[in-house]
Amino acid sequence: MKGKRIVPILILGIFLIMNAPLGLGAEIEISASVDRTVIGLNQPFTLTIEISGEKANAAGDPQLPDLSAFASYLGSSGTSQNIQIINGRMSVSRSFSFTYMATAIGKFTIPAAVIKYGDREFRSQPINIEVVASGQTPGTQPRRTPQPQPDQSLDAAIEDNLFLRVTANKRRVYVNEPVILTYKIYTRVSVTQFGINKLPETPGFWVEEFPGSNQPATHEEILDGKRYIVAEIRKMALFPTDAGTKTVSPMSIECDVRVQTRRRSIFDSFFDDPFFGRTVRQIVTSKPVTIEVMPLPLEGKPSDFSGLVGSFNLTVTADKQAVKTNEAITLNVKISGKGNIKMIPAPRLELPPDFERYEPKVSEKIDRTENGITGYKNYEYVIIPRYPGQQRIKPVTLSYFDLGTGQYRTLRSPEMLIDVEKGSDEFMTVATGLSKEEIRLVGKDIRFIQLASPEFKRIGHWFYQSAYFVLILLLPVVLIVVAAGYRRHLDKLAENVAYARSIRANQMAMKRLHHAKKLLSEKTQKQFYAEVSRSLMGFLGDKFNISAAGIITDEVENLMRSRGVNEAVIKQYLTCLQICDYQRFAPANSRLDEMQRFFEQAKQAIIELEKIV
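For every chain, the first residue of the written sequence is number 1, and numbering continues from 1 along that sequence. Local features in this predicted model are restricted to residues of pLDDT 70 or higher, and side-chain atom pairs are both shown and tallied only at a pLDDT of 80 or more, whereas totals for entire chains, interfaces and linings draw on every residue. Side-chain calculation: all heavy atoms of the structure are included, whereas hydrogens and water are not.

1. Observations regarding the overall build of the protein chain
Now for step 1: What the protein chain contains, in helices and strands, is nine helices and 30 strands.
Now for step 2: Exposure is judged per residue with a 1.4 Å probe applied to protein chains only, and the accessible area is read against the type maximum: over 50% gives exposed, under 20% gives buried, and values in between give partly exposed. By the burial criterion, 36% of the 613 residues in the protein chain qualify as buried.
Now for step 3: The criterion used for residue contact is that any of the two residues' heavy atoms lie within 4.5 Å. Contacts in the protein chain between residues at least 24 apart in sequence constitute 72% of all its contacts with a sequence separation of at least 6. Runs of H or I in DSSP of at least four residues are treated as helices and runs of E of at least two as strands, each being numbered from the N terminus.

2. Here we look at a nonpolar patch on the surface
Now for step 1: On the surface, a cluster of nonpolar side chains totalling about 530 Å² of accessible area is made up of Val470, Leu474, Leu475, Val478, Leu479 and Val482.
Now for step 2: Among the secondary structure elements, Leu474 is positioned in helix α4 (residues 467-495). Patches were defined on residues exceeding 30% relative accessible area and lacking a salt bridge, with like-charge contacts within 9 Å and nonpolar side-chain contacts (Val, Leu, Ile, Met, Phe, Trp, Tyr) within 5 Å. Shrake-Rupley sampling with a 1.4 Å probe provides the accessible areas, and residues are treated as covered by the protein chains on show and by no other component. Salt-bridge detection follows one rule: a side-chain nitrogen of Lys or Arg within 4 Å of a carboxyl oxygen of Asp or Glu.

3. A closer look at helix α9 (residues 592-612)
Now for step 1: To estimate the expected span of a helix, subtract one from its residue number and multiply by 1.5 Å. Over its 21 residues, α9 extends 31 Å from the first C-alpha to the last, a length consistent with the 30 Å expected when each residue adds 1.5 Å.
Now for step 2: What α9 keeps buried is the set Met595, Phe598, Phe599, Ala602, Ala605, Ile606 and Leu609. Viewed along the axis of α9, the buried residues span an arc of 125°, placing them on a single side of the element. Seen from the open side of α9, the exposed residues pointing more than 90 degrees away from its buried face are Arg597 and Lys611. When we speak of the arc, we mean the arc of directions from the helix axis to the C-beta atoms.

4. Comments concerning the nonpolar core
Inside soluble globular proteins, nonpolar side chains tend to come together where they are buried.
Now for step 1: Buried Ala, Val, Leu, Ile, Met, Phe, Trp, Tyr and Cys residues that are joined via side-chain atoms within 4.5 Å together make up what is termed a nonpolar core. Leu314, Leu331, Val333 and Ile418 are the most contacted members of the largest nonpolar core, which has 31 residues in total.
Now for step 2: Sorting the residues of this core by element identifies β16 (226-240), β21 (309-318), β23 (329-339), β26 (372-385), β28 (397-402) and β30 (416-421) as the ones contributing at least two each.
Now for step 3: Not counting residues up to four positions away in its chain, the partners in contact with Leu314 are Val333, Lys334, Ile335, Val396, Thr397, Leu398, Leu411, Arg412 and Ser413.

5. Observations regarding the packing of helix α6 (residues 525-544) against α9
Now for step 1: Two numbers describe how α6 lies on α9: the axes approach to 11 Å, and their chain directions differ by 5°. Viewed along their axes, α6 and α9 adopt a mutual orientation that is roughly parallel. Residues Gln525, Phe528, Tyr529, Val532, Ser535, Leu536, Phe539, Leu540 and Lys543 of α6 pack against Met595, Phe598, Phe599, Ala602, Ile606, Leu609 and Glu610 of α9.
Now for step 2: All residues other than Ala, Val, Leu, Ile, Met, Phe, Trp, Tyr, Cys, Pro, Asp, Glu, Lys and Arg, Gly among them, are scored as polar; the first ten of these are nonpolar and the last four charged. Class assignment of the residues belonging to the contact of α6 with α9 gives a composition of twelve nonpolar, two polar and two charged. Fitting a line to C-alpha atoms yields each axis, with helices limited to the stretch in contact; the angle taken between N-to-C directions then spans 0 to 180 degrees. Each angle receives one of four descriptions, namely roughly parallel if under 35 degrees, roughly antiparallel if over 145, roughly perpendicular if within 65 to 115, and oblique otherwise.

6. A closer look at the packing of aromatic side chains
Any pair of aromatic rings gets described here by the distance separating the centres and the angle formed by the planes.
Now for step 1: Put simply, two rings from Phe, Tyr or Trp (the six-membered ring, in Trp's case) pair if the centres are within 6.5 Å, and we call them stacked under 30 degrees between planes, edge-to-face over 60, tilted for the rest. As enumerated under the stated definition, the model contains 13 aromatic pairs in all.
Now for step 2: Summarising the aromatic geometry, the rings of Tyr186 and Tyr228 are spaced 6.0 Å apart at their centres and angled 75° between planes, so their arrangement reads as edge-to-face. With Tyr186 in strand β12 (residues 179-187) and Tyr228 in strand β16, this pair connects stretches of sequence that are 42 residues apart. Judged on exposure class, the residue Tyr186 and its partner Tyr228 are both buried.
Now for step 3: Pairing Tyr529 with Phe598 gives two aromatic rings, centres 5.3 Å apart and planes at 50°, and the pair type is tilted. With Tyr529 in helix α6 and Phe598 in helix α9, this pair connects stretches of sequence that are 69 residues apart.

7. Overview of the pattern of salt bridges
Now for step 1: A complete count under the given rule lists 27 salt bridges for this structure.
Now for step 2: Between Arg234 and Glu209 there is a salt bridge whose closest N-O contact spans 2.5 Å. Separated by 25 residues along the polypeptide, Arg234 in strand β16 and Glu209 in strand β14 (residues 205-209) bring together distant segments of the chain.
Now for step 3: Among the ionic contacts, a cluster of salt bridges with common partners joins Arg591, Asp593, Glu594 and Arg597.

8. A short note on the pairing of strand β18 (residues 252-259)
Now for step 1: Most of β18 sits inside the fold, with six of its eight residues counted as buried.
Now for step 2: Any two strands are treated as partners once DSSP identifies two or more bridges connecting them. Direction of pairing for β18 relative to strand β19 (residues 278-285): antiparallel, over a ladder of eight bridges. Counted as the bridge partner of Cys255 is Gln282 from β19.

9. Brief notes about the packing of helix α8 (residues 567-585) against α9
Now for step 1: At their nearest, the axes of α8 and α9 sit 9 Å apart, and the two run at 140° to each other. Taken together, the axes of α8 and α9 lie oblique to each other. Along this stretch, α8 crosses α9, giving a crossing that reads as left-handed. For the pair α8 and α9, contact is made by Val569, Gln572, Tyr573, Thr575, Cys576, Ile579 and Cys580 and by Phe598, Gln601, Ala602, Gln604, Ala605, Ile606, Glu608, Leu609 and Ile612, respectively.
Now for step 2: For the contact of α8 with α9, a count of residues per class yields eleven nonpolar, four polar and one charged. Put simply, a crossing is left-handed when the front helix is turned counterclockwise from the back one by less than a right angle, and right-handed when it is turned clockwise.

10. Some words on the side chain of Arg234
Now for step 1: Take Arg234: its relative accessible area is 17%, and that puts it in the buried class.
Now for step 2: Whenever two N or O atoms come within 3.5 Å, that pair is a polar contact, provided that in protein one can donate a hydrogen and the other can accept it, and provided that, for residues adjacent in sequence, both atoms are side-chain atoms. Within the local environment of Arg234, its side chain forms a polar contact with the side chain of Glu209, the two groups lying 2.5 Å apart.
Now for step 3: Not counting residues within four places of it along the chain, the set of residues in contact with Arg234 comprises Leu181, Thr182, Tyr183, Ile196, Leu199, Pro200, Glu209 and Met251.

11. Here we look at the sheet that holds strand β9 (residues 127-132)
Now for step 1: Spatial ordering of the open sheet is given by β2-β9-β6, a layout of three strands whose pairing is mixed. Each edge of the sheet is formed by a strand with only one pairing partner; in this case those strands are β2 (38-40) and β6 (106-110). Within the sheet, the average angular offset between the axes of one strand and its neighbour, ignoring direction, is 30°.
Now for step 2: Here three bridges tie β2 to β9, and the two strands are oriented parallel to one another. Counted as the bridge partner of Gly40 is Val132 from β9.

12. Structural notes on helix α5 (residues 497-518)
Now for step 1: Helix length check: α5, at 22 residues, gives a terminal C-alpha distance of 30 Å against a target of 32 Å (1.5 Å per residue), a fit within 8%.
Now for step 2: Its axis deflected by about 45° at Arg504, α5 carries its strongest bend there.
Now for step 3: For α5, the complete set of buried residues consists of Ala500, Ala505, Ala509, Leu513 and Ala516.
Now for step 4: Check the buried side of α5 and you find it contacts α4, α6 and α9. The bend at a residue is defined as the angle formed between two axes, one fitted to the seven residues ending at that residue and one fitted to the seven starting there.

13. Focus on the sheet that holds β18
Now for step 1: An order of β13-β18-β19 is seen for the three strands of this open sheet, with the pairing classed as antiparallel. Single-partner strands in this sheet number two, and they are β13 (190-198) and β19. In this sheet, adjacent strand axes meet at a mean angle of 25° when their direction is disregarded.

14. Digging into the environment of Glu415
Now for step 1: Mapped onto the fold, Glu415 is located in the loop between β29 (407-412) and β30.
Now for step 2: Remark: the alpha-carbon pair of Glu415 and Lys394, spanning 21 residues in sequence, is separated by 5.1 Å.
Now for step 3: Contacts of Glu415, omitting those with residues within four sequence positions, involve Arg392, Ile393, Lys394 and Pro395.
Now for step 4: One polar contact links Glu415 to Arg392, side chain to side chain, over a distance of 3.1 Å.

15. Digging into the confidence of the model for the protein chain
Now for step 1: In predicted models, pLDDT denotes the confidence assigned by the predictor to each residue on a 0 to 100 scale. Per-residue pLDDT for the protein chain averages 80, and the proportion of residues at 70 or more is 81%.
Now for step 2: The lowest-confidence element of the protein chain is helix α1 (residues 2-18), averaging 49 in pLDDT; the highest-confidence one is strand β20 (residues 289-294), averaging 94.
Now for step 3: Here residues 13-25 is a poorly scored stretch, pLDDT under 50, and it has twelve contacts once near neighbours within four places are set aside; other chains count.
Now for step 4: Counting interchain partners and residues more than four positions distant, the pLDDT-below-50 stretch residues 139-150 has six contacts.

16. Details of unusual backbone geometry
Now for step 1: With a phi angle near 75°, Asn176 is a residue other than glycine that sits in the positive phi range.
Now for step 2: Relative to the helices and strands, Asn176 resides in the loop between β11 (172-174) and β12.

Structure below.
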């Protein structure tokens, strides 16, 4: 067990040694606060001294200030210690509370508390307090004085412990010189949530907002001897556009405050119990901010001054110093620094007359930090020399008012020499607003060469005047007529059996002949002739709408004559039927070639009859 306890102690010791800082500068901070700044005579008050920082635990106890002129020491109210380890760094906070009793009336200053560490000495800030007669202190009103209503006293208590404060880093600036406004909530009550009720009005200013957070970070701050929880809720940079006295109107926020009230009796509301508390909505408003804007001096003002104020640098570069005619060059003009980046004007380029210039591609980056508004603006030009020779690009200039020196400055880039050789005779045109990478693709994938002669059209000839257009208009009508005819044909096939058999007679006859052709062999000549006979008789039965089984040869001749069939076709058809009857019942003696000739003869007889009937 003893060994197990030693190991964690050794690890903690090694950790503390490895994280021990080398210097003592900001490792110790000391602050002092009182529970109230207006104290009644002979009433106690508490002085709290807090020592924080990484070396706070190693420092000794603070030396108390001498308050004997207006207060007597009653004793210590206790000490507390808080240790935090964040990202491997340890932070220690120690608090010492002491109770005093006010013994003299008047305004006094609590001197700084002192703590020594090593050979250095750290001091807290002094605190101003006022000791008044007991009857004049809050909460010690005479009993005959009417007590305020509970809500009024509650609102007053919240107002004393919750307010919105706005600070400006400067109150007197030049035109276009930024003013940083910071809005902070100071609270000693429990604020559960808040929302901006009214934004400040900033007439005469160009506003650049700092990025905010939905959950602003909080920290403690002592103001007038009271300790507050502080959260920064809004920050913006104001650039005055003209001279004069400018006023930024107040900003209002709406806060939900969690309050706890004491139950006076058992019959009071159960939910007024301090365990539950209740929420009160409170609106707090900041004070207006007045800024005096001075005009920029006229003395030494450059002729090309555009109103830019701050501190800037100018860089001009070209990707090529030697090119061929009609070859693109990318010229970058970058202006960086501190000030209103968005108002940086476009540089004025003075190029040789045979240079072709296109509209620049503009990009910018703005950083909003504690140091103000910084960043850069970049202008990327595409220029193309059209004629060979040594060309000169004159210096690019930028004039601004330097806040550091209070004078105008003009930045000037060096003159640039471009050697241009004669290239191909192809003349290349470039669309505006293209970057360097896009220029490289010109002539390769987005521009085309006309290889064939264009197709000419007769003037005054329109498609709607042509016959094709009329046919296209009539096509739907023709399709409707065809569809109606086909529908009528289908209906007739379904209703008229004789019509249906006549239409399908040739198809059925050809199908039977196809089957007979498969039997075209000397061994199967009986079956062959029988199938050809069924084809001939079936065709007649379908055409005349009678049963093929009951037709005899003599009736065939009469039927064909009654339908006006000529004698040649009748004779051909009857001959085929007689050959079939003979071959079916006589001894098989047909040769294959005779069977093939007969097959063609029977097929032709059906075709001839189909033409007539």
